[in-house]
Amino acid sequence: MTVERKPVAFGDLRGWIAALNAAGEFREIDAEVDWNIELGTILRLAQGPGTGPALMFNNIKDYNRPDSRCRRVFGGGLASHRRVAMMLGLPPDTHPRELVQLGRTILNERIPPKIVKDGPVKQNVIAGKDVDLDAFPTPYWNRLDGGRYLITYAGVVTKDPETGVMNVGIYRGMVAGRDQIPILMWRAQHIGHHVTAWQQGGSAEMPIAVAIGWEPSLGFCAGTPVAKGVCEYDVMGAIRGAPVELVKCETVDLYVPATAEIVIEGYLGLDPATYMMEGPFAEVTGYVGGERLPKPSIRVTCITHRNDPILRGTIEGALPGSYSENAICSSIMRAATAWNVLDRAGVPGITDVWCPPVHAGMNLLVQMKQTYRGQAKQAANAVWGSSAGHVRYKHVTVVDDDIDIHDYAAVDWAIAYRVNAGEDDIVIMPSTFGMGIDPSTRKRDRNAVLFGTGKWNRLLIDATMNLDYDPDPDYGGARFPPMVWPEKADIDAAQARWHELGLDHPKRS
Ligand SMILES: Cc1cc2nc3c(=O)[nH]c(=O)nc-3n(C[C@H](O)[C@H](O)[C@H](O)COP(=O)(O)O)c2cc1C
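Enquirer: Give a detailed account of the environment of G119, specifying residues and quantitative values.
Expert: Within the fold, G119 resides in the loop between strand 4 (114-115) and strand 5 (124-127). Put simply, G119 and M56 are 63 residues apart on the chain and 23 Å apart in space, counted from C-alpha to C-alpha. Once residues within four sequence positions are removed from consideration, G119 is found in contact with V247 and A258.

Enquirer: Describe the sheet that holds strand 1 (residues 26-29), naming the residues involved and giving the relevant values.
Expert: Spatial strand order, 1-2-3-20: 4 strands in an open sheet with mixed pairing. Edge positions in the sheet fall to strand 1 and strand 20 (310-312), since each of these pairs with one other strand and no more. With direction set aside, neighbouring strand axes in the sheet form an average angle of 20°. Bridge count between strand 2 (residues 54-57) and strand 3 (residues 72-75): 3 bridges; the pairing is antiparallel. Considered in strand 3, the bridge of M56 is made with F74. Contacting strand 1, strand 2 and strand 3, helix 2 (residues 38-47) runs over the sheet at an angle of about 160° to strand 2.

Enquirer: Can you break down the environment of L459 residue by residue, with the values?
Expert: Here L459 shows up in strand 25 (residues 456-463). L459 gets classed as partly exposed once you look at its relative accessible area, which sits at 21%. The spacing of L459 and Y393 is 66 residues in sequence and 9.1 Å in space, taken between C-alpha atoms. Every residue in contact with L459, bar those within four places of it in the chain, is listed here: W384, K394, H395, V396, I426, V427 and I428.

Enquirer: Outline the nonpolar core, supporting the account with residue identities and numerical values.
Expert: Ranked by size, the top nonpolar core spans 91 residues in total, and within it F74, V84 and Y233 carry the most contacts. Ignoring sequence-local partners within four residues, the contact set of Y233 consists of I111, P113, V157, M166, V168, V244, L246, Y255, V256 and P257. Formed by 42 residues, the second largest nonpolar core is a distinct cluster that contains W141, Y149, M185 and V195.

Enquirer: Account for the packing of helix 4 (residues 96-106) against helix 8 (residues 325-344), with residues named and values stated.
Expert: Running from N to C, helix 4 and helix 8 cross one another at 55°; their axes reach a closest spacing of 8 Å. Judged by the inter-axis angle, helix 4 sits oblique to helix 8. Considering the relative orientation of helix 4 and helix 8, their crossing is right-handed. Only S331, I332, M333, A335, A336, W339, N340 and D343 of helix 8 make contact with helix 4, whose side of the interface consists of P96, L99, V100, Q101, G103, R104 and I106. A class-by-class count of the residues in the contact of helix 4 with helix 8 yields 9 nonpolar, 4 polar and 2 charged.

Enquirer: Pulling in residues and values, what's your account of the side chain of T301?
Expert: Among the structural elements, T301 can be located in strand 19 (residues 297-305). On the accessibility criterion, T301 (16% relative accessible area) is buried. Beyond its immediate sequence surroundings of up to four residues, T301 is in contact with I126, A127, G128, V131, T251, E265, G266 and Y267.

Enquirer: Lay out helix 2 with the relevant residues and their values.
Expert: Residues of helix 2 that are buried: L39, G40, L43, R44 and Q47. For helix 2, the angular spread of buried residues about the axis comes to 130°, placing them on one side. Close packing links the buried residues of helix 2 with strand 2, strand 3, strand 16 (281-282) and helix 8.

Enquirer: For the site of the ligand, give the residues involved together with the corresponding values.
Expert: Near the ligand, the surroundings consist of 20 residues, among which N167, I170, Y171, R172 and H190 are the closest. Between Q189 and the ligand, the recorded distance is 3.0 Å, taken from a side-chain N or O atom to an oxygen atom. Between E232 and the ligand, the recorded distance is 3.2 Å, taken from a side-chain N or O atom to an oxygen atom. In isolation the ligand has 630 Å² of accessible area, and contact with the protein removes 94% of it. For the shell around the ligand, the class distribution of residues is 7 nonpolar, 9 polar and 4 charged.

Parameters at a glance
- Residues numbered from 1 in each chain as written.
- Predicted model: local features only at pLDDT ≥ 70, side-chain atom pairs only at ≥ 80, totals over all residues.
- Heavy atoms only, no water.
- Helix = DSSP H or I, 4+ residues; strand = E, 2+ residues; numbered from the N terminus.
- Contact = heavy atoms within 4.5 Å.
- Pairing = 2+ DSSP bridges.
- Axes fitted to C-alpha atoms, helices over the stretch in contact; angles between N-to-C directions.
- Buried < 20%, exposed > 50% of the residue type's maximum accessible area, 1.4 Å probe, protein only.
- Core = buried A, V, L, I, M, F, W, Y, C linked by side-chain atoms within 4.5 Å.
- Parallel < 35°, antiparallel > 145°, perpendicular 65-115°, else oblique.
- Left-handed = near helix turned anticlockwise from the far one by under 90°.
- Nonpolar A, V, L, I, M, F, W, Y, C, P; charged D, E, K, R; others polar.
- Arc of directions from axis to C-beta.
- Near = heavy atom within 4 Å.
- Polar contact = N/O pair within 3.5 Å; in protein donor to acceptor, adjacent residues only side chain to side chain.
- Areas by Shrake-Rupley, 256 points an atom, 1.4 Å probe, with all protein chains shown as cover.

Here it is as structure tokens:
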């Protein structure tokens with residue numbers, strides 16, 4: 001790292017919003033906005049390609065009476081690399097390359113949480129028959145969604161029944177009645193491991209809590225594949241440089257941030273007879289995904305919330321021109337995770353790793369200083385063989401260390417002239433596990449209920465100079481001919497004459 005990090009504990013969502021406001025990264029919308037389609041449309045259009053502000057909707061149709069339980073929705077907090085840098089305690093203009101570097105170490109740091117007795121999230125406690133999810137202005141985010149999605153950027157907390165270690169992940173959840181939230185979760189995710197463990201212990205239900213609205217590290221860590229057995233609260237502590245203060249839930253033996261805006265407690269039904277219809281939803285891929293099927297549902301036993309709570313949500317689905325929070329965060333954390341996987345697998349010479357945000361980490365770019373043939377294949381195999389590769393890294397492109405992987409043109413140029421499909425530079429790894437919502441996979445093979453996972457045919461584009469070629473004496477022993485970019489002495493000589501040649505101010509026609 002070339003920049004110094006000063007960890008910031010924002011305290012809660014409100015502290016984060018105040019910091020965003022002070023940095024000019026935040027806008028409030030006071031005009032009335034409909035929760036039905038309009039709010040989601042505005043958020044998607046406003047976020048731009050990582051350039052838009054975070055938004056607070058203060059006046060939501062049907063939820064703007066003085067006695068409305070919840071009247072505000074906040075989104076887009078991490079929809080730019082500038083704000084990810086702020087969360088990490090770095091200057092907003094820190095280059096994403098540095099954010100990836102920091103992401104690599106922060107995932108391995110821990111500051112364990114601290115249990116406290118009470119907190120603002122207990123200001124209002126609604127239990128039993130009084131539970132009514134309709135009291136929250138849950139957006140119908142997109143016209144093609146199957147319902148109103150309350151869980152879009154919340155920390156879903158579960159516990160390993162044997163070790164007691166909690167996991168915090170993001171798993172989408174749709175309102176399906178006053179007290180029911182079916183969610184989308186896959187067996188290969190950590191929540192899926194917990195489901196298996198609770199089932200094997202003979203339980204028909206698994207305790208679950210959903211923390212909505214806290215510091216940015218909540219969504220950031222919950223959406224990141226933190227290593228199995230490591231609690232995301234520990235990594236959040238490392239990001240903010242101070243322990244996360246947790247309070248115990250009212251009706252389940254789980255812990256949530258004491259200053260969260262809203263907490264939903266309950267039990268996830270593990271018996272397929274209790275499953276409820278969920279989906280589809282505008283997904284990470286930019287397509288509608290996750291078919292309408294019966295899914296495990298949270299039976300809500302209690303809701304606690306702060307006074308005048310803020311509902312934290314996000315618009316999912318990255319597309320050219322509009323990058324989701326997931327896409328922005330994935331570009332950093334999925335790259336950082338892949339780099340750590342490569343390191344642990346012992347692949348030498350890695351000099352940079354990047355996931356452009358437009359596709360949220362499906363296409364992984366690796367830059368390496370290769371010293372032996374087959375090194376790019378070693379890298380791809382390591383990434384694909386890791387559990388982190390389950391829902392990411394479908395396509396891996398490897399380039400030499402003279403190619404800037406943050407420059408699309410440079411990567412495209414390397415693919416144009418360093419790839420020879422007849423020389424094993426294109427490799428397909430067929431029928432691997434993969435994301436169950438990728439529309440390029442046949443519908444039958446996206447059925448994660450039937451197969452436990454999706455089905456990806458993975459691709460390596462080895463755009464490095466082929467070290468299997470013979471060194472060529474005509475090229476001074478190199479495999480490839482020299483490039484035409486002038487030598488430094490020739491550049492210096494030409495630039496010394498720039499003024500004389502009248503090239504300082506290019507003529508415009
Ligand atoms: C906005 C957003 C929505 C997500 N939705 C889902 C989802 O519905 N189901 C799922 O299994 N993973 C979803 N993910 C991905 C997981 O959160 C991610 O893989 C994370 O690593 C899961 O936590 P775990 O590693 O502890 O299992 C989503 C991520 C984000 C950022």
